[in-house]
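Here is what each chain is made of, one letter per residue.
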Amino acid sequence: MNNKNAPKTLTGSTPEEKLGSLGLMPGKQVDIRNLGALANMYGIEIMLFFEEDLARTRTLESVMEEYRSVSEYERPFIAVGSFLAFTRENDPSFEQTIQEFPLMIEIVSYGERPSGPGNESVLFVTGLMPFLDELDVDAPVPDPNG
């Protein structure tokens, strides 16, 4: 789908209702594959943060402004689609790994912001990547749909 009218097909009148109808609510853990699919299907801007402080204390717009002149792969955040494409391209075992150990992203914030030509509004979600030392590979596999 991924067109500018796609968010209008979501249930609700506010960004919170629309994103909530997709299960994208602060505090919820969501499989990164689901986030990638939702970003593609609905044109939602989903940014993954590597630094907890930035994700929790700053607005997406302020962080994007601060890092606008920094290369995409050198920023402390990345669009979910870019992350998935880069990882799939550079790690042939990635698909198998996330099948066995789903990569769960914590939703931190969401909303709507001006973006693109003509400052059209876009729905956005920020998520926090788990830290590698926090991953428990011995824990039961989380339900990626739960």
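Up top is the structure these notes are about.
Quick notes on the rules
- Residues numbered from 1 in each chain as written.
- Predicted model: local features only at pLDDT ≥ 70, side-chain atom pairs only at ≥ 80, totals over all residues.
- Heavy atoms only, no water.
- Buried < 20%, exposed > 50% of the residue type's maximum accessible area, 1.4 Å probe, protein only.
- Helix = DSSP H or I, 4+ residues; strand = E, 2+ residues; numbered from the N terminus.
- Arc of directions from axis to C-beta.
- Contact = heavy atoms within 4.5 Å.
- Axes fitted to C-alpha atoms, helices over the stretch in contact; angles between N-to-C directions.
- Parallel < 35°, antiparallel > 145°, perpendicular 65-115°, else oblique.
- Left-handed = near helix turned anticlockwise from the far one by under 90°.
- Phe/Tyr/Trp six-rings, centres within 6.5 Å; stacked < 30°, edge-to-face > 60°.

So, helix 2 (residues 32–42)
Turning to helix 2, its buried residues number three or more, namely Ile32, Leu35, Gly36, Leu38, Ala39 and Tyr42. When helix 2 is viewed along its axis, its buried side chains cluster within an angular range of 165 degrees and face the same direction. Residues of helix 2 that are buried sit in contact with strand 1 (29–31), strand 2 (45–49), helix 5 (80–90) and strand 4 (104–115). Phi turns positive, to about 65 degrees, at glycine 43, one or two residues after helix 2.

Observations regarding the packing of helix 2 against helix 5
At a minimum axis separation of 9 Å, helix 2 and helix 5 run at an interaxial angle of 120 degrees. Here helix 5 runs oblique to helix 2, going by the angle between their axes. At the point where helix 2 passes helix 5, the crossing takes the left-handed sense. Contact residues: Ile32, Arg33, Leu35, Gly36 and Ala39 in helix 2; Val80, Phe83, Leu84 and Arg88 in helix 5.

What to know about the environment of glycine 23
Mapped onto the secondary structure, glycine 23 falls in the loop between helix 1 (15–20) and strand 1. According to the relative accessible area criterion, glycine 23 is buried, its value standing at 12%. With 84 residues separating them along the chain, glycine 23 and isoleucine 107 place their C-alpha atoms 9.8 Å apart.

Here we look at helix 5
For helix 5, the set of buried residues is Val80, Ser82, Phe83, Leu84 and Thr87. On its buried side, helix 5 packs onto helix 2, strand 2, strand 3 (77–79) and helix 6 (94–100).

Considerations on the packing of aromatic side chains
Aromatic rings in a pair are described by how distant their centres are and how their planes are angled relative to each other. Going through the model one piece at a time under the given rule, you end up with three aromatic pairs. Relative to phenylalanine 77, the ring of tyrosine 67 has its centre 6.1 Å away and its plane inclined at 80 degrees; by these criteria the two rings are edge-to-face. Of this pair, tyrosine 67 sits in the loop between helix 4 (60–66) and strand 3 while phenylalanine 77 sits in strand 3, and the two are 10 residues apart along the sequence. Take tyrosine 67 and phenylalanine 77: they sit in the same class, and that class is buried. One aromatic cluster is present, formed by Phe49, Tyr67 and Phe77 through successive ring pairs.

Scope: geometric values only; no functional claims are made or implied.
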